[in-house]
Amino acid sequence: MKLTTKGRYAVTAMLDLALHATEGPVSLADISARQEISLSYLEQLFSRLRRHKLVVSVRGPGGGYRLSRGADELFVAEVVDAVSESLDTTRCGNKGDCQNGEKCLTHHLWSDLSDRIHQFLSEISLGDLMRKHEIRQVADRQNSKQSDVDSEAINTRRLTEDQATA
């Protein structure tokens, strides 16, 4: 099985959104900065997530995105499915034509594995992930790092303004 960047980034961005939900709508720029994911790539992913009704966009100043449901009601498999990500572990895309147009000897094994992976991810909510101590530690580190970057930007802007008025 290969979960590509699209699925990984979508889950990461949704988890970031869930972790910051209490702060109001979350901008893609903030997610981009914290998770080091391209803003244009996030825009593409969130377009799909919005189409699948996993997120809601909020327009205007202070706008951004919110989860469409509570974090305990949004599951990792939904996020992966929304960005058209395949969790298929067969070589044939589960078509059954893996060996000269016929099923190979291990087709059912890999097909069953794909089903189990999807079932596993269907049982893990964003809320479950948010409650994991290790994930909270990473989020705290990212938030601290982002606060440092924001403070540095404010100080630089003030210094520039001071120099302009002098």
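Relevant structure appears above.
Remember, predicted model here, so these are calculated numbers, not experimental data.

Draft legend 1. Focus on the packing of helix α2 (residues 28-35) against helix α3 (residues 39-51). Look at α2 against α3: their axes get within 9 Å of each other, and the N-to-C directions meet at 120°. As summarised for this structure, α2 and α3 are arranged oblique, according to the angle between their axes. Crossing of α2 over α3 shows right-handed handedness. Here Leu28, Ala29, Ile31 and Ser32 of α2 come into contact with α3, specifically with Leu39, Leu42, Glu43 and Phe46.

Draft legend 2. Spatial organisation of the nonpolar core. Counting residues in each nonpolar core, the largest one holds 38 residues, and the members touching the most others are Met14, Leu17, Ile31, Phe46, Leu49 and Leu67. Elements with a contribution of two residues or more to this core: α1 (5-19), α2, α3, β2 (64-67), α4 (76-82), α5 (107-122), α6 (126-130) and α7 (133-165). If we skip the residues at most four places from it in the chain, Leu67 touches Met14, Leu17, Ala18, Leu54, Val55, Leu74 and Leu126.

Draft legend 3. Quick look at the pairing of strand β1 (residues 55-58). As judged from the four bridges shared by β1 and β2, these two strands associate in the antiparallel manner. In the sheet register, Val58 faces β2, and the bridge partner there is Gly64.

Draft legend 4. Spotlight on the side chain of Thr90. With respect to the helices and strands, the residue Thr90 is situated in the loop between α4 and α5. A polar atom in the side chain of Thr90 sits 2.8 Å from the side chain of Asp88. Looking at Thr90, its side chain comes within polar contact range of the main-chain nitrogen of Gly93, at 3.3 Å. Not counting residues within four places of it along the chain, the set of residues in contact with Thr90 comprises His107, Trp110, Ser111 and Ser114.

Draft legend 5. Spatial organisation of the environment of Gln99. As for its position among the elements, Gln99 is in the loop between α4 and α5. Its relative accessible area of 45% is what places Gln99 among the partly exposed residues. Other than its neighbours up to four places away in sequence, Gln99 contacts Cys104 and Leu105.

Conventions we followed
- Residues numbered from 1 in each chain as written.
- Predicted model: local features only at pLDDT ≥ 70, side-chain atom pairs only at ≥ 80, totals over all residues.
- Heavy atoms only, no water.
- Axes fitted to C-alpha atoms, helices over the stretch in contact; angles between N-to-C directions.
- Helix = DSSP H or I, 4+ residues; strand = E, 2+ residues; numbered from the N terminus.
- Parallel < 35°, antiparallel > 145°, perpendicular 65-115°, else oblique.
- Left-handed = near helix turned anticlockwise from the far one by under 90°.
- Contact = heavy atoms within 4.5 Å.
- Core = buried A, V, L, I, M, F, W, Y, C linked by side-chain atoms within 4.5 Å.
- Buried < 20%, exposed > 50% of the residue type's maximum accessible area, 1.4 Å probe, protein only.
- Pairing = 2+ DSSP bridges.
- Polar contact = N/O pair within 3.5 Å; in protein donor to acceptor, adjacent residues only side chain to side chain.

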